[in-house]
Amino acid sequence: MSDINCIKKLRNEKGLSVNKIKQTLKINWRTAKKYADGDQLPVSKIREKKGMMYEGKWGEMISDWLWEDSKLKKKSRRTKKQLFEELKEHGFKGSYRTVCYFIEDWRNTHHEEKDRGFERLDHPPAEAQVDFGVMEAVQDGDLVDIRALVMSYPYSNAGFAVPMPSENQECFLQGLKELFRQAGGVPLKIRIDNLTPAVKKTRSKLEEAQLTDAFIQFQNHYGFDVQVCNPRSGHEKGSVENKVGYIRYNFFSKAPTMKDFEDLSSKLEKKLAEDRNRLHYEKQVRIIDLWEEESRRLLALPDQDYPVFKEEQVTVNKYNEIKLDQTMIHVPKAANYGILYIQCTWDSFKVVTPDGEILRDDFRPYMKKRKALPWLSIVKGWIQKPRALPYSRYNEYLPGRIRNYLMVDNLAIRQERLKALATLLVTNDMKGINSNFYELIEEEKFGSEANPFDIDWSKYDILTGTKEVSQ
């Protein structure tokens with residue numbers, strides 16, 4: 001800048017010609033002319049970003065999704081591929097690479113950490129690795145903790161998974177049965193970590209790991225070998241560790257809806273079957289082709305089905321209660337019997353007398369465990385950005401009446417309705433608001449714009465096809 005100032009002074013104060021300035025300062029004539037007679041106005045160095053992601057609505061939608069996901073644990077966030085597929089559902093015509101560039105730019109400006117790589121492991125065909133992964137699904141508007149039992153075949157990178165409600169012995173063995181059925185056979189060897197349902201004593205310097213009697217009986221029926229990893233050595237089963245993460249990020253980052261565990265299992269089996277059409281990450285051959293080759297080496301399934309259950313004697317207190325899954329359960333007239341037995345499967349239990357009389361038959365306590373979605377926090381986020389509501393990951397979990405009510409085009413009215421809903425959520429849950437929706441509308445507790453045309457909302461339900469089930 002001082003050189004430019006010198007040229008200006010020689011030209012304006014000393015009255016030198018451009019040629020004289022050129023000779024005096026020994027610079028190019030064009031340079032002397034440019035700075036002697038030209039105006040040096042400040043120019044912004046920040047380049048305006050252009051393109052469909054910055055000029056249209058698409059960038060705003062992606063930003064809203066990334067902002068929404070940033071509040072969740074990393075394992076629950078959507079992948080770039082999932083975000084791209086959701087954009088396509090809304091009519092996006094751009095490429096996957098365009099979306100990736102925008103996401104990287106957004107994350108760089110928001111200080112998002114980059115992911116890390118994983119180790120590659122090689123294994124012989126027909127050998128599998130098994131592990132549990134904790135995930136979430138939505139059932140009847142509530143969150144349900146899922147223990148997905150995942151089986152990975154490292155040779156072909158084929159994966160199978162079944163959702164279970166717990167990690168106990170009954171769920172573990174029932175899950176293995178279902179995984180064998182999905183694969184169409186039994187692996188020659190299964191590598192596991194020190195799962196409590198299978199291992200009663202971990203490996204030490206002096207002796208090998210000891211398996212539980214129930215797991216040994218199950219192993220003998222199906223004929224597979226077992227290899228137990230060393231304690232605190234997750235890298236020894238790196239394939240299934242990666243597969244658990246892959247399933248979580250690709251199929252559970254946005255909690256799927258489920259009717260029951262059988263329904264979710266069917267959906268997950270179908271998605272994993274479709275996923276096997278992609279190329280192997282290293283061999284550049286379709287996984288399904290490698291799996292067809294590997295599956296020929298599996299052991300055949302036994303002709304006789306293996307019944308998975310646990311049967312034991314239980315103690316009854318003076319209040320006719322027994323303890324199951326850390327929960328006290330009332331059993332009518334249980335204290336009248338000196339001895340009672342309980343028979344548990346993965347999802348149900350029976351309390352039986354020595355004579356075979358069933359005193360109680362019900363689902364296991366963990367089958368009824370639910371966690372309410374943090375609706376108040378979610379709605380507060382929508383109040384800040386009401387235009388994000390139609391594209392939000394939580395939109396599909398809203399009860400039908402409330403969703404139809406909030407999906408108004410006018411953003412100002414939508415924001416007012418969201419504020420009214422947030423106020424109600426302080427003292428009510430979402431199910432209660434939905435079940436008392438008509439009363440709240442009539443009382444105008446949803447705001448002044450709640451029912452401006454005196455609509456019969458029950459008829460509106462019929463016209464829109466909104467179906468509400470008792471929850």
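That block above? That's the structure.
Keep in mind that what you see is a predicted model, and the values were worked out from it rather than measured.

Reading guide: rules and limits
Residues numbered from 1 in each chain as written. Predicted model: local features only at pLDDT ≥ 70, side-chain atom pairs only at ≥ 80, totals over all residues. Heavy atoms only, no water. Helix = DSSP H or I, 4+ residues; strand = E, 2+ residues; numbered from the N terminus. Buried < 20%, exposed > 50% of the residue type's maximum accessible area, 1.4 Å probe, protein only. Contact = heavy atoms within 4.5 Å. Areas by Shrake-Rupley, 256 points an atom, 1.4 Å probe, with all protein chains shown as cover. Pairing = 2+ DSSP bridges. Axes fitted to C-alpha atoms, helices over the stretch in contact; angles between N-to-C directions. Salt bridge = Lys/Arg side-chain N within 4 Å of Asp/Glu carboxyl O. Expected span 1.5 Å × (residues − 1). Core = buried A, V, L, I, M, F, W, Y, C linked by side-chain atoms within 4.5 Å. Polar contact = N/O pair within 3.5 Å; in protein donor to acceptor, adjacent residues only side chain to side chain. Phe/Tyr/Trp six-rings, centres within 6.5 Å; stacked < 30°, edge-to-face > 60°. Lys NZ or Arg CZ within 6 Å of the ring centre and 35° of its normal. Parallel < 35°, antiparallel > 145°, perpendicular 65-115°, else oblique. Left-handed = near helix turned anticlockwise from the far one by under 90°. Nonpolar A, V, L, I, M, F, W, Y, C, P; charged D, E, K, R; others polar. Arc of directions from axis to C-beta.

Draft legend 1. Layout of the overall build of the protein. In terms of regular secondary structure, the protein is built from 18 helices and 14 strands. Buried residues in the protein amount to 43% of all 471 residues. Across the protein, every contact between residues at least 6 apart in sequence was considered, and the portion connecting residues at least 24 apart equals 60%. Carbon together with sulfur atoms contributes 48% to the accessible area of the protein, which is approximately 27000 Å² in total.

Draft legend 2. Layout of the sheet that holds strand β12 (residues 348-352). The 4 strands are arranged β8-β11-β12-β13 in an open sheet whose pairing can be described as antiparallel. This sheet does not close on itself; its edge strands, each paired only once, are β8 (310-314) and β13 (358-363). Sheet twist, expressed as the average angle between the axes of neighbouring strands with direction ignored, equals 15°. Relative to β13, β12 is paired through 5 bridges, and the arrangement is antiparallel. Bridge pairing links V352 to I358 in β13.

Draft legend 3. Highlighting the pattern of salt bridges. The final tally for this structure, using the stated rule, is 32 salt bridges. R147 is paired through a salt bridge with E167; the nearest N and O atoms lie 3.9 Å apart. With R147 in strand β2 (residues 142-153) and E167 in the loop between β3 (158-164) and α8 (169-183), this pair connects stretches of sequence that are 20 residues apart. A single network of salt bridges, built from pairs that share partners, joins E68, D69, R78, E86 and R393.

Draft legend 4. Here's a closer look at helix α5 (residues 58-69). Taking 1.5 Å of rise per residue, the 12 residues of α5 would be expected to cover 16 Å, and the 17 Å separating its terminal C-alpha atoms lies within 8% of that figure. Listing the buried residues of α5 in full gives W58, G59, M61, I62, S63, D64, W65, L66, E68 and D69. For α5, the elements touching its buried residues are α4 (52-55), α6 (80-89), α7 (96-109) and α13 (375-384).

Draft legend 5. Quick look at the nonpolar core. Grouped together as the largest cluster of nonpolar side chains are 57 residues, with contacts concentrated most on I146, M151, F172, L176, F180, F215 and I247. If near-sequence neighbours (up to four positions away) are discounted, I247 is found in contact with M135, V150, A161, F252, L268 and L272. If you look at the next biggest cluster of nonpolar residues, it comprises 25 residues, including V379, W382, Y405 and I433.

Draft legend 6. Highlighting the side chain of S392. Secondary-structure assignment places S392 in the loop between α13 and α14 (400-406). A polar side-chain atom of S392 sits 3.3 Å from a polar atom in the side chain of W382. Discounting residues that sit within four places of it in the chain, S392 has contacts with W65, E68 and W382.

Draft legend 7. Representation of the environment of A137 within the structure. You can see A137 is positioned in strand β1 (residues 127-139). Contact partners of A137, with chain neighbours within four places excluded, come to D142, L143, V144, I146, A255, P256, M258 and L264.

Draft legend 8. Just the packing of aromatic side chains, in detail. Tallied over the entire structure, the rule returns 21 aromatic pairs. With centroids separated by 6.4 Å and ring planes inclined at 65°, the aromatic side chains of Y394 and Y397 adopt a geometry described as edge-to-face. Per residue, the accessibility class of Y394 equals that of Y397, and both read buried. When the ring centre of Y96 is taken as reference, the NZ or CZ atom of K81 above it lies at 5.0 Å.

Draft legend 9. Structural detail: the environment of L188. Relative to the helices and strands, L188 is located in the loop between α8 and β4 (189-192). When its relative accessible area of 35% is taken as the criterion, L188 is described as partly exposed. Separated by 34 residues in sequence, L188 and Y222 have C-alpha atoms that sit 9.7 Å apart. Once you skip the residues sitting within four places of it in the chain, L188 turns out to touch A126, F224, D225, R297 and L299.

Draft legend 10. Local environment of the environment of R191. Inspection of the secondary structure assignment puts R191 in strand β4. Under the relative-accessibility criterion, R191 is labelled buried at 17%. When the C-alpha positions of R191 and S152 are compared, they lie 9.9 Å apart, and in sequence the two are 39 residues distant. With near-sequence residues (within four places) excluded, R191 lies in contact with H123, A128, Q129, V130, Q227, C229, E236 and K237.

Draft legend 11. Fine view of the packing of α13 against helix α15 (residues 411-425). Close contact between α13 and α15 brings their axes to 9 Å; oriented N to C, the two are set at 160°. Here α13 lies roughly antiparallel to α15, going by the angle between them. Remark: the crossing between α13 and α15 carries left-handed chirality. Contacts between α13 and α15 involve W375, L376, V379, W382 and I383 on the former and, on the latter, Q415, L418, K419, L421, A422 and L425. Looking at side-chain class alone, the contact of α13 with α15 contains 9 nonpolar, 1 polar and 1 charged residues.

Draft legend 12. Structural context of α7. The end-to-end C-alpha separation of α7 is 20 Å, in line with the 20 Å expected for 14 residues at 1.5 Å each. Three or more residues of α7 are buried, namely V99, C100, F102, I103 and W106. Around the axis of α7, the buried residues are gathered within 165° of arc, so they sit on the same side. On its buried side, α7 packs onto α4, α5 and α6.

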